[in-house]
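Understanding the architecture of this molecule
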Amino acid sequence: MSALKDNKYWISFFAAISIAFFVLGFYGVEVYRQAPPIPAQIVTVDGRVIATQDDILTGQESWQSTGGQQLGSIWGHGAYQAPDWTADWLHREAVTLLDVWAQREHGTSFDALDAGAQGALKQRLVVEMRTNTWNSATGAVTISADRALAIERTAAHYDALFGGAPELSELREAYAMKEVTVPDTARRAALTDFFLWTAWAATTQRPDAKVTYTNNWPHEPLVANRPSGANVVWSLVSIFLLLAALGGLVWYRSFRPEEEKDPEPPVRDPFGEVAPTPSMRAVAKYVGTVVLLLFVQVILGVITAHYTVEGQAFYGLPLGEWLPYSLTRTWHVQAGMFWIATAFLAAGLFVAPIVGGREPRFQRLGVNVLFGALLLVVGGSFVGQYLAIHQVLPLGLSFWLGHQGYEYVDLGRGWQVALFVGLLLWLTLMLRALWPALQRKDASRTLVLMFAGASTAIGLIYGAGFFFGARTHMSVMEYWRWWIVHLWVEGFFEVFATAAIALIFARLGLVEPRNAGKAVIASSGLYLFAGIPGTFHHLYWSGTPTAILAVGATFSALEVVPLVLIGWEAWRTSRLQHAVSWMSRYRWPVRFFVGVAFWNLVGAGLFGFLINPPIALYFMQGLNTTPVHAHAALFGVYGLLSLGLMLVVARRLSGFVAWRERYLAWGFWGMNVGLGLMIALSLLPIGLAQTWASVETGLWYARSADFLQLPVMEALRWLRVIGDTVFFAGVVSFAYFMLGLWTGWSYESASAPEPHGAAMPEPAA
């Protein structure tokens, strides 16, 4: 522990993450406490029951079984082709209620009334729908008979839509839905009750407040859902903080003392001095699995993107009946999570024995067992999701073996438990391999401690996904879901990668370990301090109090700053590839890491901040501006980082034979250019057009078939083919090169080489 004593870097790091987790936990309690109530009953003034709490929660399970957030969205979270069901229900119910009043009181439709009569009914609508009639003593919500009639008519639309009514076939095609999405009548009835409740929370004001449970989201002028004062103020504060923090960073970089110079690089490649151990060689199959899953994900992405044009067909083939949009999008997202996570696990297993300096006993067996477990989880979860979305599984089993319904944690709970057990096995393998290095008190100890700490966080934080169940309140579920998506993936994977790359370069003798350790602590502490409470920027409209909006806006604005710092460090490190001749072997992994720095700043930073301020996200939530950020950050940052790490593994397993790098170069530029074209030609223009429609008319219209099927919007979706084709060609080139490392055609020599170097000590018998 002496290495930790009186060390300002460690003190600052632990203080930063302690404060950050305190804020996350403190306001997490508020999420529980102030979540919108799920009524015991929704009843009319004359006592007729419209829905019960059990109906609503059963409807939530029914929604999950359809693919949940992979088929449209709720409160803005989910897929972008079908509507946001909250906004869509809210608008349909409001319009229907206006027509009910107009027909009874004026004998005509609402649209046929003069402006004065329409204005009077609109004002009445605002009072009717925003007034909170929830009785905390009985748990009941009371509504008028007229509103009950509007609800029944709105529910009939969704019953027909999900039940396969022929008159809505064209609309289902526009939504990329199966013809019969929910065959069971009882499930459909409960599903409409769930949609009703999400819309009720979005339009009903909190007690003693002037905003709804979802902070006036979605934008719907008919019911006076407009940005609140807190929304605007905290947006301005977030912009001010970003500019101030960036100014402070420039000031710091300009006036900081001269940095210590990097050490003189060694004459020979230090990695070449140590031969791969049995467990390191066993990691090779992880590399192949990463490439295979990447290829599968891209194929699924092509199909899913095409469904946005044809709806239920793939160039005329009625593929949607077997592989509907909700299923291919589920597999596309999950395959991405799987191959990126597999790459990180593989990199850790490969680097740990090098850092530790020895091969622990039975390490290869553990690596092989873990690989089998990963294959079981991938295959089992894919089959379960197919059965769930095709409505084969009962609701209870659907959540456990099929589909949880929540984006990025789609796999059934049983498979999620199995994956967590696998992560614990991985953590055990990591720590036992790192243990000798953790005991050494040398210059690299700080880096080793950060690497081991990040590994521990990756192994344990995934368990946050067990704090919600199939019938957990949506607000509470979203809180824990983003622990996985934001903290696990965007937070501690970032720290793990930063420490891993620093360890690799320190091992190569290109950076001084002690200085690299300080840099990793500083950048990780700054990133986590902003990123941990910044989780709340995902929860502005998820039934959370205004305080969440304030915390999320202020901290997430600061997330851009460490990304700029990490980008600068990556550029500085990239220059080391020319420091000595043998570094040419690693030029392509380094270029992938430089690509990570670019997309970290552009994808995670700029495109992230584009949608982070509350006033921006108020109009952009659930629009195509979100996948702009998601694609640029998830693939541009974590995807390229994963592929770069796999190239490091492949380089070392290849020995000293030179690579034929032409296809690798095509792969790198194809993936990066294709991603840029995908965003610039299609996703971003569509997202900005939707934002305009959301501001001018309302979110329901920006997500509607009427808007998305306009000729200009269809043309923009077709333009995505250009970027997708270039990207796909890049993936094929990369996969061809990686396959060639196994067959031999990617080497300058005729066959694959034997590894060189002295073997590490084997474990004691």
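Calculation rules
- Residues numbered from 1 in each chain as written.
- Predicted model: local features only at pLDDT ≥ 70, side-chain atom pairs only at ≥ 80, totals over all residues.
- Heavy atoms only, no water.
- Helix = DSSP H or I, 4+ residues; strand = E, 2+ residues; numbered from the N terminus.
- Rg over C-alpha atoms; globule rule 2.2 N^0.38 Å.
- Buried < 20%, exposed > 50% of the residue type's maximum accessible area, 1.4 Å probe, protein only.
- Areas by Shrake-Rupley, 256 points an atom, 1.4 Å probe, with all protein chains shown as cover.
- Lys, Arg positive; Asp, Glu negative; His and termini not counted.
- Charge placed at Lys NZ, Arg CZ, Asp CG, Glu CD.
- Pairing = 2+ DSSP bridges.
- Axes fitted to C-alpha atoms, helices over the stretch in contact; angles between N-to-C directions.
- Contact = heavy atoms within 4.5 Å.
- Core = buried A, V, L, I, M, F, W, Y, C linked by side-chain atoms within 4.5 Å.
- Expected span 1.5 Å × (residues − 1).
- Polar contact = N/O pair within 3.5 Å; in protein donor to acceptor, adjacent residues only side chain to side chain.
- Salt bridge = Lys/Arg side-chain N within 4 Å of Asp/Glu carboxyl O.
- Patch = residues over 30% accessible without salt bridge, like charges linked within 9 Å, V, L, I, M, F, W, Y side chains within 5 Å.
- Phe/Tyr/Trp six-rings, centres within 6.5 Å; stacked < 30°, edge-to-face > 60°.
- Lys NZ or Arg CZ within 6 Å of the ring centre and 35° of its normal.
- Parallel < 35°, antiparallel > 145°, perpendicular 65-115°, else oblique.
- Left-handed = near helix turned anticlockwise from the far one by under 90°.
- Nonpolar A, V, L, I, M, F, W, Y, C, P; charged D, E, K, R; others polar.
- pLDDT = per-residue confidence, 0-100.

1. Here's the deal with the overall build of the protein
Across its full length, the protein holds 26 helices and 7 strands. Here the C-alpha radius of gyration of the protein, 27 Å, is about what a compact globule of 765 residues would show, namely 27 Å. Along the three orthogonal principal directions, the C-alpha set of the protein runs to about 90 × 55 × 50 Å. The 765 residues of the protein split such that 62% are buried. In the structure as shown, the protein presents an accessible area of about 28100 Å², 66% of it carried by carbon and sulfur atoms. Charged side chains in the protein number 50 positive and 52 negative. The centres of these two groups are separated by 11 Å.

2. Topic: the sheet that holds strand 1 (residues 41-44)
Sheets are built from strands paired through backbone hydrogen bonds, the pairs being either parallel or antiparallel. One open sheet accounts for 3 strands, arranged 2-1-5; its pairing is mixed. The open sheet has two free edges, formed respectively by strand 2 (49-52) and strand 5 (140-143), since each of these has just one partner strand. Strand-to-strand twist of the sheet, defined as the mean angle between neighbouring strand axes without regard to direction, takes the value 15°. Of the strand pairs in this sheet, strand 1 and strand 2 are connected by 3 bridges, and their pairing is antiparallel. Among the inter-strand pairings, glutamine 41 is bridged to a residue of strand 2, identified as threonine 52. Strand contacts of helix 5 (residues 145-163): strand 1, strand 2 and strand 5, with the helix running at about 100° to strand 5, the strand carrying the most contacts.

3. Digging into the nonpolar core
Ranked by internal contacts, the top residues of the largest apolar core, which has 233 residues, are Trp85, Phe162, Phe195, Trp488 and Phe592. Ranked by residues supplied to this core, first place goes to helix 16 (residues 474-507) with 25 residues. Excluding its chain neighbours within four sequence positions, the residues that come into contact with tryptophan 85 are Trp63, Leu71, Gly72, Ser73, Ile74, Tyr158, Leu161, Phe162, Tyr175, Met177 and Phe195.

4. A look at helix 4 (residues 115-130)
With 16 residues, helix 4 extends 22 Å from end C-alpha to end C-alpha; this agrees with the ideal 22 Å at 1.5 Å per step. Along helix 4, the residues that are buried comprise Ala117, Gln118, Leu121, Leu125, Val126, Met129 and Arg130. On its buried side, helix 4 packs onto helix 3 (85-106), helix 5 and helix 7 (185-203). At the N-terminal end of helix 4, a side-chain oxygen is found 3.1 Å from the backbone nitrogen of glycine 116, two or three residues along, and the residue is aspartate 114.

5. Details of the pattern of salt bridges
A full pass over the atoms with the stated rule returns 17 salt bridges. Taking the shortest distance from any N to any O, the salt bridge between glutamate 61 and arginine 471 comes out at 2.8 Å. Linking glutamate 61 in helix 2 (residues 53-65) with arginine 471 in the loop between helix 15 (445-461) and helix 16, this pair joins segments that are 410 residues apart in sequence. Between arginine 481 and glutamate 478 there is a salt bridge whose closest N-O contact spans 2.9 Å. Of this pair, arginine 481 and glutamate 478 both sit in helix 16, separated by 3 residues, roughly a single helical turn. Across the pair, exposure class does not vary: arginine 481 and glutamate 478 are buried alike. Connected via shared salt-bridge partners are Arg104, Glu105, Arg124 and Asp146.

6. Here's the deal with the environment of proline 533
The residue proline 533 is located in the loop between helix 17 (513-531) and helix 18 (546-558) in this model. Sequence separation of proline 533 and alanine 630 is 97 residues, and the distance between their C-alpha atoms is 19 Å. Among residues more than four places away in sequence, those in contact with proline 533 are Ala20, Val23, Leu528, Val551, Gly552 and Phe555.

7. What about the side chain of histidine 486?
Here histidine 486 is to be found in helix 16. At a separation of 3.1 Å, a polar atom in the side chain of histidine 486 contacts the side chain of histidine 538. When residues no more than four places from it in sequence are discounted, the contact partners of histidine 486 are Gly491, Gly531, Gly534, Thr535, His537, His538 and Glu559.

8. Observations concerning a nonpolar patch on the surface
Among the surface-exposed residues, Trp322, Val383, Tyr386, Leu387 and Val392 lie close enough to one another that they form a single nonpolar patch of about 460 Å² accessible area. Following the sequence through the fold, valine 392 ends up in the loop between helix 12 (363-389) and helix 13 (395-402).

9. Some thoughts on the packing of aromatic side chains
Under the criterion given, the structure shown has 56 aromatic pairs. Chaining the aromatic ring pairs together yields one cluster made of Trp63, Trp75, Trp85, Trp89, Tyr158, Phe162, Tyr175, Phe194, Phe195, Trp197, Tyr406 and Phe468. In this arrangement the basic side chain of arginine 124 is found over the ring face of tryptophan 101, its NZ or CZ atom lying 4.1 Å from the centre.

10. Side note on the packing of helix 22 (residues 625-653) against helix 26 (residues 711-743)
The interhelical angle for the contact between helix 22 and helix 26, taken along N-to-C directions, is 15°, at an axis separation of 12 Å. It follows that helix 22 is roughly parallel to helix 26 by the angle criterion. Here the hand of the crossing between helix 22 and helix 26 comes out left-handed. In this structure, helix 22 uses His631, Phe635, Leu643, Leu647 and Ala650 to contact helix 26, whose residues at the interface are Arg720, Phe727, Phe734, Phe737, Met738 and Leu741. Residues that form the contact of helix 22 with helix 26 fall into these classes: 9 nonpolar, 1 polar and 1 charged.

11. What to know about the environment of alanine 148
In this fold, alanine 148 is placed in helix 5. Other than its neighbours up to four places away in sequence, alanine 148 contacts Thr44, Arg48, Ile50 and Ile143.

12. What about the packing of helix 3 against helix 5?
Where helix 3 contacts helix 5, the two axes come as close as 8 Å, and the packing angle between them is 130°. It follows that helix 3 is oblique to helix 5 by the angle criterion. In this structure, helix 3 meets helix 5 at a crossing whose hand is right-handed. Contact residues: helix 3 offers Trp85, Asp88, Trp89, Arg92, Glu93, Thr96, Leu97, Val100, Trp101 and Arg104, while helix 5 offers Asp146, Arg147, Leu149, Ala150, Ile151, Arg153, Thr154, Ala155, His157, Tyr158, Leu161 and Phe162.

13. Focus: helix 2
Spanning 13 residues, helix 2 covers 19 Å between terminal C-alpha atoms, matching the ideal 18 Å at 1.5 Å per step. Three or more residues of helix 2 are buried, namely Ile56, Leu57, Gly59, Gln60, Glu61, Ser62, Trp63, Gln64 and Ser65. Positive phi shows up at glycine 67, right after helix 2, with a value of about 115°.

14. Details of the confidence of the model for the protein
When pLDDT is averaged along the protein, the result is 91; 93% of the residues meet or exceed 70. Throughout residues 1-6 the model reports pLDDT below 50, and contacts reaching past four residues in sequence, or to other chains, amount to 7 contacts. Predicted confidence is poor over residues 750-765, with pLDDT under 50, and the contacts of this stretch with residues over four places away or in other chains come to 47 contacts.

15. Some remarks on unusual backbone geometry
Looking along the chain, the bond that leaves tryptophan 217 and enters proline 218 is cis, with omega of 5°. In this structure, alanine 176 is a non-glycine residue whose phi angle is positive, near 60°. Within the fold, alanine 176 resides in the loop between helix 6 (169-175) and helix 7. A positive phi angle, close to 60°, is found at alanine 224, a residue other than glycine.

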